[in-house]
Amino acid sequence: MEQQQAYPKLYFYRRIVQAKLFIDQHFAENIELYSIADEAYYSKFHFARKFKEVYQQTPHQYLIFVRLENAMRLLTSGMPVAAVCRAVGFEELSSFSRLFKRKVGINPSAYLRRHRHIQKQIAEAPLTLVPHCFAYQYGWTVKEQFQTNKI
Amino acid sequence: MITRMTHMNIYVLDQDSALDFYTNKLGLKVIIDVPMNKDARWLTVGTPEQPGFEINLTPVHESVLHSKDTVETLRDLVKKGTFGVGIFTCSDIMATYEELKAKGVEFIKPPTKEFYGTEALFKDDSGNWFSLAQLVPVTV
């Protein structure tokens, strides 16, 4: 009896997860809620409600979340802002910048500048970015740093 | 007064493989990746919704603190899953369980109801054990 009740629930989860993975893979494309609902074999509104039950956000909110997470990743790699905007599926730079700033707190250009600065620091003085308790464990020590501070 | 914990250490057998596991399978993101030498890099990952907390994926290598014998012992212990490393929480454990299983994550125990919530157990690619949990709010 328990198994009979559990099966439809499991089937439901698999369909919602399938739709989530579809967004994860196709976020850069011009995907419509209809096509995502099709992926889960639901009507658009039923799907949006079920998706929110599981992930606490609508499919559209999740799509924006995935696009912005990927935008952060690409900016970290040094890709220019306009190219990132297109690469993650936004059509307009203005809406991309606005949504990015709302999520991250700074606009994409400032984020890119910050990460270029970090990359410079990685290249020139990598040890400054590693907490000493870990650096010492690895043996990544600049000798002088630890001569005066014995651990 | 200590206020927060910002970094934790996980011993991994292979950093590249761990990076793939923690990002592409678990869905964490790289916080910082600093090449240090030919064997290792300072590599931390974190969850998208918990800024300020970094998991350091530490390769088990010989170093100032770890002799060759220690490294061999540590690698064996990691493979055996000796270290119960931590708990990842999620908003819906059944969905997360199905997703991670679909991505090839090895589960030791499926989601099971406990008094503190619903919990499953999985291994990372090195052998470390983790709980995946959907916790019930506790009033103290």
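For the structure, see preceding data.
Residues numbered from 1 in each chain as written. Chains lettered and ligands numbered in written order. Predicted model: local features only at pLDDT ≥ 70, side-chain atom pairs only at ≥ 80, totals over all residues.

Trainee: I'd like a rundown of the packing of helix H4 (residues 59–76) of chain A against helix H6 (residues 93–104) of chain A, residues and numbers included.
Mentor: All names here are of chain A. Contact geometry for H4 and H6: axes closest at 10 Å, N-to-C directions at 85°. In terms of axis orientation, H4 runs roughly perpendicular to H6. Contact with H4, carried on its side by Ile64, Leu68, Ala71 and Met72, involves Leu99, Phe100, Lys103 and Val104 of H6 and no other residues of that element. (Axes fitted to C-alpha atoms, helices over the stretch in contact; angles between N-to-C directions. Helix = DSSP H or I, 4+ residues; strand = E, 2+ residues; numbered from the N terminus. Parallel < 35°, antiparallel > 145°, perpendicular 65-115°, else oblique. Contact = placed C-beta atoms within 7 Å.)

Trainee: Account for the sheet that holds strand E1 (residues 7–12) of chain B, with residues named and values stated.
Mentor: Residue and element names in this part refer to chain B. The strand order E1-E4-E3-E2 describes an open sheet built from four strands, whose pairing is mixed. Bordering the open sheet on either side are E1 and strand E2 (29–35), each of which pairs with just one other strand. Within the sheet, the average angular offset between the axes of one strand and its neighbour, ignoring direction, is 25°. Relative to strand E3 (residues 41–46), E2 runs antiparallel, the two being bridged by six bridges. Of the residues in E3, the one forming a bridge with Lys29 is Gly46. (Pairing = 2+ DSSP bridges.)

Trainee: Give me helix H3 (residues 93–102) of chain B: which residues, what numbers.
Mentor: Of all ten residues in H3 of chain B, eight are buried, a share of seventy percent or more. Three or more residues of H3 of chain B are buried, namely Ile93, Met94, Ala95, Thr96, Tyr97, Glu98, Glu99 and Leu100 of chain B. (Buried ≥ 20, exposed ≤ 12 C-beta atoms within 10 Å, placed from the backbone.)

Trainee: Describe the environment of Ala71 of chain A, listing the residues and the values that go with them.
Mentor: All names here are of chain A. Along the chain, Ala71 falls in helix H4. Classification of Ala71 by C-beta neighbours within 10 Å gives buried; the count is 25. Taking the C-alpha atoms as reference points, Ala71 and Phe100, 29 residues apart in sequence, are found 8.5 Å from one another. Those residues in contact with Ala71 that sit more than four places away from it in its chain are Val84, Val88, Phe100 and Pro108.

Trainee: Go over helix H2 (residues 68–80) of chain B, please, and point to the residues and values.
Mentor: A rise of 1.5 Å per residue sets the reference length of H2 of chain B, with its 13 residues, at 18 Å; its end C-alpha atoms lie 19 Å apart and thus fit the reference within 8%. Once H2 of chain B ends, the next one or two residues include Gly81 of chain B, with phi positive near 75°. (Expected span 1.5 Å × (residues − 1).)

Trainee: Just give me the short version of the nonpolar core, but keep the residues and values in it.
Mentor: In terms of nonpolar packing, the biggest core is built from 23 residues, with Ile16 of chain A together with Ile93, Tyr97, Phe122 and Leu132 of chain B touching the most fellow members. Elements with a minimum of two residues in this core: helix H1 (2–26), helix H2 (33–40), helix H3 (44–55) and H4 of chain A together with H3, strand E7 (117–123) and strand E8 (129–135) of chain B. Counting residues per element, this core draws most heavily on H3 of chain B, which supplies five residues. The residues contacting Tyr97 of chain B, other than those within four sequence positions of it, are Pro110, Pro111, Ala120 and Leu132 of chain B. (Core = buried A, V, L, I, M, F, W, Y, C linked by C-beta atoms within 7 Å.)

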